[in-house]
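Observations on the three-dimensional arrangement
Chain residues, written in single-letter form:
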Amino acid sequence: MKFLLFGTCCPTTHAEENPKWDLTVDAIVVGSGAAGLAAAATLAEGGLSVLMLEKMNSLGGNTVISGGDVAVPGSPVQLKMGIKDSPQMMAEDLIRAGKTVDKERVRFLAQNALSTWKWTQEKWGTRWNPDKLQFDEGQSVPRGLLSIPRSGFALFSSGIEYARNLNVQIRNNSLVEDIFFGPNGEAQGLLVRTRYKFPDPASGTQIKIRARRAIVLCFGGFGADEEFREMVNPSMGKLLATTNQPGATAESIRMAMRLGIKTVDLDQIQALSWISADEIGLGDAWPFIEQYSAFYGIWVNNKGKRFVNERGSQRLRSERLLEEIKNGHRIFGITTQNAIEHQPDDLQATEELKLRGIIRSFPSLEALAVNSSISYTELVKTVEKYNTCVNNAVIDEFQRNLSNTFPLNGTNWFVVEIRPKVHHCMGGIKTTLSMQVLNNKNQIIPNLYAAGEATGGIFGRSRIPCHSLIDALVGGRAAGLHILENTHSKNEND
């Protein structure tokens, strides 16, 4: 058995035959987010001994800090609301948005979303809102199901409890540094640095863990790794912060590349356009920015000029905001009391953001402009032009339909500073529909699987909101089920 020589933190400089294993299990799952939980739980349901490895001290990855929404076509909530949807419609939405997607994987996701979601409800015990749906940009109909409470932590906490009840072993502070392969190229085990203290590459000690049946890579994306982002897409480099947790770094994807594992779309990185410049990570102001200032207001730069369709695609808005930032401009979302009164359910959240100084209110447009260092003269012209378009219910110069909004006026003006942040990495490991990993020759690597944001190709150029968590769940479960099929087939043939 040969040990491939491509470590990520402390490279090995020698080949090793027949390593002495420190621990042996049936399956190893790398990562503890939605994809890892789905894979581990599925494998444990099938009776395998499963070890889940997490490099960080805390479990859950980006899943914990996500919104907890999942896109599911044909859900009971849609049926109750009389909304007609189908896997075909969901697939068409993703293909249209992503443009360069792996269409087979997209269709697989759409076809398996409902059954996988039911599995989280029935087996994990995850609670889902029976009365509400999220309707996001890119969806032809509302299909986003909301966890209760609405947070990725709700999904994670139910999933991790289910995994523990199935006797999944969980080790945090465990960084994977390399993969052992057998004489036929099959994945056989991992070199793992235990008691690892992120981000110190020399911390902890190395051990060798054997996987009798399979290894599933669910290590997530690299949104917090500025250096790697800069390398694969300079426009998404150090200029931007991220919504991701600190551990969303590129050690594992670098390892995969050095091992000859095929990757796709690494340069396709999504930045969210509706994020507060005054908060860390995703923050709490994004619903205000997206629902109030984008639907019922305007986005301007510090020169007082609009520059984008505030309701345009996520990709378009992010690109335009990045251009403004590169030109040294600040960006602001502006709206008025009309918008606040139109959606009174969010009044408490708005008041809390005002108390924190994230949202600021002023009695006049002039006071807002002066306090925010926005050109008042140009801002007045911009607002007047916008109001004329609203009053005439026309499509404006940015192709925004203004027939269903309000003029900006009154004595209560709101402003929030906006700055895009890296949110999702569309690129990653190339897999089959059963989540088997491919090498650079498009050959399946036996016993090696990947799922979730660690994989690439399914979202292409642009990810529609609500789809990453369900992709992680479907992919993790698909990997687990395929491993179990192979295990049962092998047992029958033995």
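Of all residues in the chain, 95% attain a pLDDT of 70 or more, and the chain-wide mean is 93. pLDDT under 50 marks residues 1-15. Its contacts with residues more than four places away, or in other chains, come to 50 contacts.

Glancing now at the environment of Thr 63. Inspection of the secondary structure puts Thr 63 in helix α2 (residues 61-64). As for Thr 63 and Leu 155, which are separated by 92 residues in sequence, their C-alpha atoms are 8.0 Å apart. Non-local contacts of Thr 63, meaning those with residues more than four positions away in its chain, are made with Gly 33, Ala 34, Gly 152, Phe 153, Leu 155, Phe 156 and Leu 469. Separated by 2.9 Å, the side chain of Thr 63 and the backbone nitrogen of Ala 34 make a polar contact.

Moving on, we come to the sheet that holds strand β13 (residues 298-301). Spatially, the four strands line up as an open sheet ordered β13-β14-β16-β15, and their pairing is antiparallel. The open sheet has two free edges, formed respectively by β13 and β15 (360-362), since each of these has just one partner strand. The average angle at which neighbouring strand axes cross in this sheet is 30°, direction not considered. In terms of strand pairing, strand β14 (residues 331-336) meets strand β16 (residues 413-418) through six bridges, oriented antiparallel. Opposite Thr 335, over in β16, you have Phe 414 as the bridge partner. Lying over the sheet, helix α9 (residues 286-293) contacts β13, β14 and β16, oriented at roughly 60° with respect to β14.

Right, let's get into the pairing of strand β10 (residues 205-217). Two elements, strand β2 (residues 23-30) and β10, share seven bridges in a ladder whose sense is parallel. Across the sheet, residue Leu 23 finds its bridge partner in β10, namely Ile 209. As paired elements, strand β9 (residues 187-194) and β10 share six bridges and run antiparallel to each other. Across the sheet, the residue bridging to Gly 189 is Arg 210, located in β10.

Running from amino to carboxyl end, helix α1 (residues 34-45) crosses helix α6 (residues 152-165) at an angle of 25°, the nearest separation of the two axes being 9 Å. Regarding the angle of α1 to α6, the classification is roughly parallel. As for the relative orientation of α1 and α6, their crossing is left-handed in sense. Along its contact with α1, which presents Ala 34, Leu 37, Ala 41 and Glu 45, the element α6 presents Leu 155, Phe 156, Gly 159, Ile 160, Tyr 162 and Ala 163. Along the lines of polarity and charge, the residues of the contact of α1 with α6 split into eight nonpolar, one polar and one charged.

Our focus in this paragraph is the packing of aromatic side chains. For the coordinates displayed, the defined rule picks out 10 aromatic pairs. A centroid spacing of 5.2 Å and a plane angle of 75° characterise the contact between Trp 21 and Phe 180, whose relative ring orientation is edge-to-face. On the criterion of sequence distance, the pair formed by Trp 21 in the loop between β1 (2-3) and β2 and Phe 180 in strand β8 (residues 175-181) is long-range, its members being 159 residues apart. We classify Trp 21 as partly exposed; its relative accessible area is 22%. You can call Phe 180 buried: its relative accessible area is 1%. Considering the side-chain rings of Phe 153 and Phe 156, the 6.1 Å spacing of their centres and the 45° angle between planes classify their relative orientation as tilted. Highlighted residues: Phe 153 and Phe 156, both in helix α6, separated by three residues, approximately one helical turn. Above the face of the Phe 295 ring, Arg 311 is positioned so that its terminal group lies 3.7 Å from the ring centre. The ring of Trp 119 carries Arg 477 above its face, with NZ or CZ at 4.1 Å from the centroid.

Attention now moves to the pairing of β16. Counting buried residues in β16 gives six out of six residues, a clear majority hidden from the surface. The two faces of β16 match: Trp 413, Val 415 and Glu 417 on one face and Phe 414, Val 416 and Ile 418 on the other face are all buried. Both β15 and β16 contribute to a ladder of three bridges, which runs antiparallel. Counted as the bridge partner of Arg 360 is Val 415 from β16.

Cut-offs applied
Residues numbered from 1 in each chain as written. Predicted model: local features only at pLDDT ≥ 70, side-chain atom pairs only at ≥ 80, totals over all residues. Heavy atoms only, no water. pLDDT = per-residue confidence, 0-100. Contact = heavy atoms within 4.5 Å. Helix = DSSP H or I, 4+ residues; strand = E, 2+ residues; numbered from the N terminus. Polar contact = N/O pair within 3.5 Å; in protein donor to acceptor, adjacent residues only side chain to side chain. Pairing = 2+ DSSP bridges. Axes fitted to C-alpha atoms, helices over the stretch in contact; angles between N-to-C directions. Parallel < 35°, antiparallel > 145°, perpendicular 65-115°, else oblique. Left-handed = near helix turned anticlockwise from the far one by under 90°. Nonpolar A, V, L, I, M, F, W, Y, C, P; charged D, E, K, R; others polar. Phe/Tyr/Trp six-rings, centres within 6.5 Å; stacked < 30°, edge-to-face > 60°. Buried < 20%, exposed > 50% of the residue type's maximum accessible area, 1.4 Å probe, protein only. Lys NZ or Arg CZ within 6 Å of the ring centre and 35° of its normal.

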